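Spelled out from the first residue to the last, the chains are:
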Amino acid sequence: MPKVAVGGTFQYFHDGHAKLIEKAFEIAKDGKVHIGLTSDEMLSKSHSVDNYEKRRTWLLQYIKKMGIPDDRYEITKLNNPYGPALEEDFDYIIVSPETYPVALKMNRIREEKGKKLLKIEYVEYVMAEDGIPISSTRIAKGEIDRHGRLKQNTKN
(Lines give C-alpha, C1' and ligand atoms only; values in the text may rest on other atoms or scores of the structure.)
Protein backbone atom coordinates (compact mmCIF):
# COMPACT_ATOMS: atom_id res chain seq x y z
CA MET A 1 0.00 0.00 0.00
CA PRO A 2 1.60 3.24 -1.13
CA LYS A 3 2.41 5.99 1.36
CA VAL A 4 1.95 9.37 -0.33
CA ALA A 5 2.99 12.86 0.76
CA VAL A 6 1.56 16.16 -0.43
CA GLY A 7 1.91 19.58 1.16
CA GLY A 8 1.02 23.21 0.89
CA THR A 9 -0.51 26.29 2.43
CA PHE A 10 -3.91 25.55 0.90
CA GLN A 11 -5.12 29.16 1.25
CA TYR A 12 -8.48 29.82 -0.47
CA PHE A 13 -8.77 26.09 -1.22
CA HIS A 14 -9.07 26.23 -5.01
CA ASP A 15 -9.28 23.90 -8.02
CA GLY A 16 -5.48 23.62 -8.21
CA HIS A 17 -5.36 22.40 -4.61
CA ALA A 18 -8.20 19.98 -5.34
CA LYS A 19 -6.23 18.50 -8.27
CA LEU A 20 -3.20 17.88 -6.00
CA ILE A 21 -5.30 16.23 -3.29
CA GLU A 22 -7.21 14.10 -5.81
CA LYS A 23 -3.94 12.94 -7.42
CA ALA A 24 -2.53 12.02 -4.00
CA PHE A 25 -5.52 9.76 -3.22
CA GLU A 26 -5.47 8.31 -6.75
CA ILE A 27 -1.79 7.33 -6.39
CA ALA A 28 -2.27 6.05 -2.81
CA LYS A 29 -5.09 3.70 -3.86
CA ASP A 30 -5.73 1.84 -0.56
CA GLY A 31 -2.63 3.36 1.06
CA LYS A 32 -2.40 6.48 3.17
CA VAL A 33 -2.04 10.13 2.18
CA HIS A 34 -0.01 12.37 4.48
CA ILE A 35 -0.93 16.02 3.95
CA GLY A 36 1.49 18.61 5.23
CA LEU A 37 -0.25 21.89 5.99
CA THR A 38 1.97 24.95 6.37
CA SER A 39 2.01 26.33 9.91
CA ASP A 40 1.20 29.98 10.61
CA GLU A 41 4.81 30.49 11.74
CA MET A 42 6.23 29.35 8.39
CA LEU A 43 4.11 31.58 6.17
CA SER A 44 5.64 34.21 3.93
CA LYS A 45 3.03 35.30 1.42
CA SER A 46 2.51 38.64 -0.29
CA HIS A 47 -1.12 38.60 0.85
CA SER A 48 -2.86 37.85 4.12
CA VAL A 49 -3.41 34.18 4.84
CA ASP A 50 -6.05 32.57 7.05
CA ASN A 51 -4.81 30.90 10.21
CA TYR A 52 -3.85 27.23 10.28
CA GLU A 53 -7.14 26.01 11.79
CA LYS A 54 -9.26 27.79 9.17
CA ARG A 55 -7.15 26.41 6.31
CA ARG A 56 -7.28 22.93 7.90
CA THR A 57 -11.08 23.18 8.08
CA TRP A 58 -11.32 23.99 4.33
CA LEU A 59 -9.02 21.08 3.53
CA LEU A 60 -11.01 18.66 5.71
CA GLN A 61 -14.30 19.78 4.16
CA TYR A 62 -12.98 18.97 0.69
CA ILE A 63 -11.65 15.54 1.73
CA LYS A 64 -14.98 14.70 3.41
CA LYS A 65 -16.81 15.82 0.24
CA MET A 66 -14.62 13.35 -1.70
CA GLY A 67 -15.90 10.62 0.62
CA ILE A 68 -12.44 9.62 1.86
CA PRO A 69 -12.48 7.61 5.12
CA ASP A 70 -10.61 9.14 8.08
CA ASP A 71 -8.10 6.27 8.23
CA ARG A 72 -6.86 6.97 4.66
CA TYR A 73 -5.19 10.30 5.46
CA GLU A 74 -3.37 12.31 8.08
CA ILE A 75 -2.85 16.08 8.25
CA THR A 76 0.44 17.23 9.75
CA LYS A 77 1.47 20.78 10.64
CA LEU A 78 4.53 21.79 8.60
CA ASN A 79 7.10 23.86 10.47
CA ASN A 80 9.70 23.48 7.71
CA PRO A 81 9.50 22.94 3.94
CA TYR A 82 10.03 19.16 4.18
CA GLY A 83 7.88 17.93 7.04
CA PRO A 84 8.27 14.24 7.92
CA ALA A 85 9.30 13.28 4.36
CA LEU A 86 13.03 13.58 5.13
CA GLU A 87 12.97 10.98 7.90
CA GLU A 88 9.94 8.76 7.31
CA ASP A 89 9.55 6.32 4.46
CA PHE A 90 7.22 7.55 1.75
CA ASP A 91 6.73 6.13 -1.72
CA TYR A 92 5.47 9.21 -3.54
CA ILE A 93 5.36 12.95 -3.24
CA ILE A 94 2.78 14.95 -5.19
CA VAL A 95 4.00 18.34 -6.40
CA SER A 96 2.95 21.37 -8.41
CA PRO A 97 5.37 23.34 -10.61
CA GLU A 98 5.85 25.60 -7.56
CA THR A 99 6.86 22.78 -5.21
CA TYR A 100 8.79 20.59 -7.67
CA PRO A 101 12.21 22.11 -6.75
CA VAL A 102 11.54 21.34 -3.07
CA ALA A 103 10.89 17.68 -3.93
CA LEU A 104 14.16 17.49 -5.86
CA LYS A 105 16.02 18.92 -2.86
CA MET A 106 14.25 16.46 -0.55
CA ASN A 107 15.44 13.57 -2.70
CA ARG A 108 19.03 14.89 -2.61
CA ILE A 109 18.87 15.03 1.20
CA ARG A 110 17.22 11.58 1.40
CA GLU A 111 19.95 10.16 -0.83
CA GLU A 112 22.65 11.64 1.44
CA LYS A 113 20.93 9.97 4.40
CA GLY A 114 20.82 6.62 2.58
CA LYS A 115 17.03 6.64 2.28
CA LYS A 116 15.09 5.53 -0.79
CA LEU A 117 14.13 8.30 -3.18
CA LEU A 118 10.56 9.54 -3.42
CA LYS A 119 8.75 9.00 -6.71
CA ILE A 120 7.75 12.52 -7.76
CA GLU A 121 4.28 12.91 -9.27
CA TYR A 122 4.13 16.24 -11.07
CA VAL A 123 0.71 17.90 -11.32
CA GLU A 124 0.39 20.82 -13.74
CA TYR A 125 -1.26 24.06 -12.71
CA VAL A 126 -4.99 24.39 -13.23
CA MET A 127 -5.62 27.32 -15.55
CA ALA A 128 -8.12 30.09 -14.98
CA GLU A 129 -10.43 31.29 -17.76
CA ASP A 130 -7.71 33.65 -18.97
CA GLY A 131 -5.13 30.87 -19.39
CA ILE A 132 -3.09 32.00 -16.36
CA PRO A 133 -2.72 29.55 -13.45
CA ILE A 134 -5.19 29.69 -10.58
CA SER A 135 -3.37 30.85 -7.46
CA SER A 136 -4.21 32.03 -3.97
CA THR A 137 -2.48 35.33 -4.77
CA ARG A 138 -4.78 35.95 -7.75
CA ILE A 139 -7.81 35.06 -5.63
CA ALA A 140 -6.61 37.43 -2.87
CA LYS A 141 -6.25 40.23 -5.44
CA GLY A 142 -9.85 39.66 -6.55
CA GLU A 143 -8.88 38.71 -10.11
CA ILE A 144 -10.49 35.24 -10.04
CA ASP A 145 -12.60 32.98 -7.86
CA ARG A 146 -11.55 29.56 -6.51
CA HIS A 147 -12.53 27.93 -9.80
CA GLY A 148 -10.57 30.33 -12.02
CA ARG A 149 -13.53 32.37 -13.21
CA LEU A 150 -12.63 36.01 -13.87
CA LYS A 151 -14.16 38.42 -11.35
CA GLN A 152 -13.34 41.66 -13.15
CA ASN A 153 -12.19 42.87 -16.52
CA THR A 154 -8.47 42.25 -16.73
CA LYS A 155 -6.18 43.89 -19.24
CA ASN A 156 -4.38 41.62 -21.67
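Remember, predicted model here, so these are calculated numbers, not experimental data.

Moving on: the packing of aromatic side chains. Counting across every chain of the model gives four aromatic pairs. When the centroid spacing of 5.4 Å and the interplanar angle of 85 degrees are considered together, the rings of Tyr-100 and Tyr-122 count as edge-to-face. Taken together, the positions of Tyr-100 in helix α3 (residues 100-112) and Tyr-122 in strand β5 (residues 119-122) put the pair 22 residues apart, joining distant regions of the chain. A relative accessible area of 31% places Tyr-100 in the partly exposed class. Given a relative accessible area of 39%, Tyr-122 falls into the partly exposed group. Pairwise contacts between aromatic rings join Phe-10, Phe-13 and Tyr-62 into one cluster. Sitting over the face of the ring of Phe-90, Lys-3 holds its NZ or CZ atom 4.7 Å from the ring centroid. Of note, Arg-146 hangs over the ring of Trp-58, and the distance from its end group to the ring centre comes to 4.3 Å.

So, on to unusual backbone geometry. A positive phi angle, close to 45 degrees, is found at Tyr-12, a residue other than glycine. Note that Tyr-12 resides in the loop between β1 (3-8) and α1 (15-28). A positive phi is found at Lys-29, a non-glycine position, where the angle reads about 50 degrees. By the element assignment, Lys-29 lies in the loop between α1 and β2 (32-38). The exposure class of Lys-29 is exposed, given its relative accessible area of 58%.

With that settled, the discussion passes to α1. Over its 14 residues, α1 runs 20 Å from end to end, which matches the ideal 20 Å to within 8%, given 1.5 Å per residue. Regarding α1, the residues found buried are Gly-16, His-17, Ala-18, Leu-20, Ile-21, Ala-24, Phe-25, Ile-27 and Ala-28. Just downstream of α1 lies Lys-29, where phi reads positive at about 50 degrees.

Let's shift gears to the pattern of salt bridges. Applying the stated criterion across every chain yields a total of eleven salt bridges. Its salt-bridge partner being Lys-116, residue Asp-91 comes within 2.6 Å of it at the nearest N-O pair. Within this pair, whereas Asp-91 is found in the loop between β3 (73-78) and β4 (92-95), its partner Lys-116 is found in the loop between α3 and β5, the two being separated by 25 residues in sequence. On the basis of relative accessible area, Lys-116 is assigned to the partly exposed category, the value being 42%. Residue Arg-138 is joined to Asp-130 by a salt bridge in which the shortest nitrogen-to-oxygen separation is 2.5 Å. Within this structure, Asp-130, Arg-138 and Glu-143 form a network of salt bridges that share partners.

The rules behind each value
Residues numbered from 1 in each chain as written. Predicted model: local features only at pLDDT ≥ 70, side-chain atom pairs only at ≥ 80, totals over all residues. Heavy atoms only, no water. Phe/Tyr/Trp six-rings, centres within 6.5 Å; stacked < 30°, edge-to-face > 60°. Helix = DSSP H or I, 4+ residues; strand = E, 2+ residues; numbered from the N terminus. Buried < 20%, exposed > 50% of the residue type's maximum accessible area, 1.4 Å probe, protein only. Lys NZ or Arg CZ within 6 Å of the ring centre and 35° of its normal. Expected span 1.5 Å × (residues − 1). Salt bridge = Lys/Arg side-chain N within 4 Å of Asp/Glu carboxyl O.

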